[in-house]
Structure formats: C-alpha cells, structure tokens
Amino acid sequence: MAAISLQHITKVYDKGVTAVQDFCLDIADGEFIVLVGPSGCGKSTTLRMIAGLEDITSGQLLIDGAAMNDVPPKEWDIAMVFQSYALYPHMTVYDNMAFALKMRKTPKEEIDRRVRAAAETLNITDILTRKPKALSGGQQQRAAIGRAIVREPKVFLMDEPLSNLDAKLRSQTRTELMRLRHRIDATFIYVTHDQTEAMTLGDRIVVMKDGYIQQIGTPQEVFRQPKNMFVAGFIGSPQMNFLPASLAGSSLTISHETGQAHIGLPNLVTDADAARPVVAGIRPEHITLAPAPTPDALTAHLEAAETTGSETWLHLTIAESPVVVRIPADSYSPEMDKAPIYIKPQHERIHLFDPDTERRLDGK
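Residues numbered from 1 in each chain as written. Predicted model: local features only at pLDDT ≥ 70, side-chain atom pairs only at ≥ 80, totals over all residues. Heavy atoms only, no water.

### Some words on the pairing of strand E7 (residues 155-159)
So the rule is basically this: Classification of residues uses two cut-offs on accessible area relative to the type maximum, computed with a 1.4 Å probe and protein chains only: under 20% is buried, over 50% is exposed, and between them is partly exposed. A run of DSSP states H or I qualifies as a helix once it reaches four residues; a run of E qualifies as a strand once it reaches two. Both are numbered from the N-terminal end. Any two strands with at least two DSSP bridges between them are considered paired. Handedness of a crossover is defined as follows: with both strands directed away from the viewer, a clockwise route from the first strand across the helix to the second makes it right-handed.
Counted residue by residue, E7 has 5 buried out of 5 residues, so it is predominantly covered. As paired strands, strand E6 (residues 78-81) and E7 are joined by 4 bridges and run parallel to one another. When the sheet's bridge partners are listed, Val81 is paired in E7 with Met158. Bridge count between E7 and strand E8 (residues 187-192): 5 bridges; the pairing is parallel. Pairing of Asp159 across the sheet is with Val191, part of E8. Between the parallel elements E7 and E8, the chain passes through helix H5 (residues 167-183) in a crossover that is right-handed.

### Here's the deal with the sheet that holds strand E2 (residues 18-27)
Threshold: Should any heavy atoms of two residues lie within 4.5 Å, those residues are considered in contact. Simply put, an axis is a line fit to the C-alpha atoms, just over the touching stretch for a helix, and the angle between two N-to-C directions goes from 0 to 180 degrees.
Judged by pairing direction, the sheet is antiparallel, and its 4 strands sit side by side in the order E2-E1-E4-E5 without closing on themselves. Lying at the two open borders of the sheet, with one neighbouring strand each, are E2 and strand E5 (66-67). Where strand E1 (residues 4-12) and E2 come together, 6 bridges link them in antiparallel fashion. Paired with Lys11 across the strands is Val20, a residue of E2. The strands touched by helix H1 (residues 43-51) are E1, E2 and strand E4 (58-63); relative to E1, the strand with the most contacts, the crossing angle is about 120 degrees.

### A few points about the packing of aromatic side chains
To keep things clear, this is the line we draw: Here the aromatic set is Phe, Tyr and Trp, taking the six-membered ring for Trp, and pairing holds for ring centres within 6.5 Å; pairs whose planes are under 30 degrees apart are stacked, those over 60 apart are edge-to-face, and all others are tilted.
Under the definition given, this model contains 6 aromatic pairs. Look at Phe242 and Phe353: their rings are 6.0 Å apart centre to centre, the planes differ by 75 degrees, and that puts the pair in the edge-to-face class. With Phe242 in strand E11 (residues 241-248) and Phe353 in strand E20 (residues 351-353), the pair connects residues that are 111 residues apart, well separated along the chain. For Phe242, a relative accessible area of 22% puts it in the partly exposed group. Given a relative accessible area of 0%, Phe353 falls into the buried group.

### Here we look at the side chain of Arg147
We apply this condition: The charge count treats Lys and Arg as positive and Asp and Glu as negative. His and the chain ends do not count. Each reported salt bridge corresponds to a side-chain nitrogen of Lys or Arg within 4 Å of a carboxyl oxygen of Asp or Glu.
Mapping Arg147 onto the fold places it in helix H4 (residues 137-149). For the buried Arg147, which has no salt bridge, the nearest side chain bearing the opposite charge is Asp95, at an N-O separation of 12 Å.

### Focus on the pairing of strand E18 (residues 321-328)
Judged from the 8 bridges that link them, strand E17 (residues 311-318) and E18 form a sheet pairing that is antiparallel. The residue of E18 that forms the bridge with Leu314 is Val325. Linking two consecutive strands that pair antiparallel, namely E17 and E18, is a turn of 2 residues; a positive phi of about 50 degrees is found at Ala319 within it.

### Here's the deal with H5
We apply this condition: In this analysis, the expected span of each helix is defined as 1.5 Å times one less than the number of residues it contains. Our arc is simply the arc of the directions from the helix axis toward the C-beta atoms.
Look at H5: 25 Å from first C-alpha to last across 17 residues, which is about the 24 Å you get at 1.5 Å a residue. For H5, the full list of buried residues reads Thr173, Arg174, Leu177, Leu180 and Arg181. On an axial view of H5, the arc spanned by its buried residues comes to 120 degrees, and they lie on one face. In this structure, H5 carries Lys168, His182 and Arg183 as exposed residues pointing more than 90 degrees from its buried face. If you follow the buried residues of H5, they end up packed against strand E3 (32-36), helix H3 (108-122), H4, E7, E8 and helix H6 (195-201).

### Observations regarding H4
Residues three or four positions apart in an α-helix share a direction because the helix packs 3.6 residues into each turn. Taking 1.5 Å of rise per residue, the 13 residues of H4 would be expected to cover 18 Å, and the 18 Å separating its terminal C-alpha atoms lies within 8% of that figure. Most of H4 is tucked away, with 12 of its 13 residues classed as buried. Buried-residue contacts for H4 involve E6, helix H2 (93-103), H3, E7 and H5.

### Some details on the sheet that holds E18
What links the strands of a sheet is backbone hydrogen bonding, and the strands pair in either a parallel or an antiparallel sense. Read from one edge to the other, the open sheet built from 5 strands follows the order E15-E19-E16-E17-E18, with strand pairing classed as antiparallel. The sheet is open, and its two borders are formed by strand E15 (287-290) and E18, each paired with just one other strand. Ignoring which end each strand starts from, the neighbouring axes of this sheet average 45 degrees apart. Looking at chain direction, E15 and strand E19 (residues 341-345) are connected through 4 bridges and run antiparallel. Paired with Leu289 across the two strands is Ile343, which belongs to E19.

### As for the pattern of salt bridges
Going through the model one piece at a time under the given rule, you end up with 15 salt bridges. Across the pair Lys102 and Asp95 runs a salt bridge whose closest N-O atoms are separated by 3.4 Å. Taking the shortest distance from any N to any O, the salt bridge between Arg142 and Glu176 comes out at 3.7 Å. On the criterion of sequence distance, the pair formed by Arg142 in helix H4 and Glu176 in helix H5 is long-range, its members being 34 residues apart. Here Glu176 falls in the partly exposed class, since its relative accessible area comes to 23%. Overlapping salt bridges bring together Glu110, Arg113, Arg114 and Glu152 as one network.

Next up, the structure:
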C-alpha cells in the first residue's frame, strides 16, 4: 500500500485553459478515495496526473513521502484501469493479464501464479483462453481489472471503469470491487460521475466542480452536511429541492400558493432577529404528505407522478418552484391530480444556504 499526497496541484493546458486548480488531498495507506463530479470538472485530469499521463503544471505529488514530479512514471508502482478496458484484441485474457509481467521478465511460474490467483479473485478463470471479442462487457472489465491486479501495485487508479456497462452489470461489478478492495493490499483512487458509485465505494469522496474541490468527506458527511448548494444538489437522488425563504431568529418562512408556511428550527444557532433571505434545501425523502393545511405545511400542485415500483416520485410546483417528493408507491392516488397537495418538510432535516454565495449557513 502507499500513502499519497497532492499538494496544491494545478493543471493548465495550452491557451491558458485551467483544468485543475489548487488541488490538495492526503490519501492514507489502503484508503479508497472517489473523485466525483460532472463532466469537465477536472476529476479525470487529476487522475491522469497521478498516473503520470499528464504533466503537473504546478504543485507536488508525493508517494510515501517521496516527491514524484521528476521521477519516471514507470517507477511509481501504479496500475490504471481505463474506461475503454484497453485490452489487446489479438491476445487471450491470460496473455493480456500476463503481458506487463512478461515485459518485466518475471519468471513464468510466478506469472502463472499471479494470473490464476487474480482470475480466481475476479471469477474469470473460465475465460482465460478467450479473446476480448468473445467476452461480454462485464467480462472485459474484470479482465482489465485482473491485468492491473497481477502487477501487485501499491496504488490502483480507476477512470470510470463501469460507465460502459448496463445497469445490472454496473451493480454486480460495483459489488465485486467492494469485495476486491478488502482482498488486496492497495490504495484505490476511483473516478466517476455517478454519485451512487461514489457513495457506495468510497471511504471518502472528493466532490469537484470546474477544476476546484467543493468538499471532501465520508459519504455520509457529504450527504448530511453539504458545504454548498452544488454539493447538496449533486449528491442524492432525486436531488435536493431548493426553495426561496426568509429566516428570522429560528423561524423559517416559505411562501406557497395560498400563503406562507412558518417552520420552527430550534436547532439553528443564530442571533439575527431581522428577516434575511435564505435558500431552504429539503431532500425528497424528508418531505411527508399532510391531509390538510397546517401553519407549517406548503400547498403544492402535482405536475407528474413517476412510479418506480416500490415508491413514487411526485413532481410538484410550489409558487413556481419545482419540488420532488419521494413517497411509498401505495401512498399515491390518481385523485391527487385534481386537488391541491399539502406537504410538510421534516424540520430537523432542512438545510439552509446563503442565496448569494450558495454556501451552507453556519449553525446547520
């Protein structure tokens, strides 16, 4: 295993295009770190700099305390799994997995031991004699992972390795990766745009936007205490609802179709008595239906109902703001289409943000 430190890493391409800005992160031995964010946020560029595939414009990369900026990447003891698998089409799975070891002139017996051990770990022993064109997408991905495993590197880098798989295979392969990281001694750095992968795989996740780190934390820390509206909206499915509101002391006021809802926030620490504008963030699963209007209920109109099987997503509007509510499937009735719907947010689950900076407000 290896500890990795990225100190103020910046990447600037030709014509002054900055892809990554002042990236700072310390990764512990054996940690599984996930870089997550939308396309173009700089996560893959960061991974490629760690792999030595991109030059670092400024900043320092350290592995086990040693600076790597001027060390040839082949000496970094890092293995990378690409989104495209990058298997040699004319070679069998066995030969693909053995190739790097042969180039290092590893003894044949040791090559065979490592290849077969990795194949058993990934449950691909029965396809070692096949060529890539005869494999499914999931088999090709496991073969690509196996090719990295046999090198026994200190660090695994994975660049969106599941993005080419269908939903069922993604779920299965994600489970295999969770098992794999407990079987081998290595540090993992994993890149994805899929927040479900980030939440299920990472010991910590790094949320990125426009080349900058937005937040670093455990999946639950990032989910429960997002630092800004971008993180709050990106992590969670369906995404968090945002409603304009005003805050005075510990009382939150949200306007709706027929008036205003007044919501007490006893856990909020603030000395401000004068009302100030805020943005109230409420996750779809933290909203319940109310049978009738109450002082803390919001009046909404149903635009569409999306049933996923075990639950239904209600797409509502509240004073022209879109809101999604997630309820059990049997709680939905077609009669809701014809009448106003009353909803109540769970007071203790409301997040507050500054409407100008979009930062999370202190005390919440």
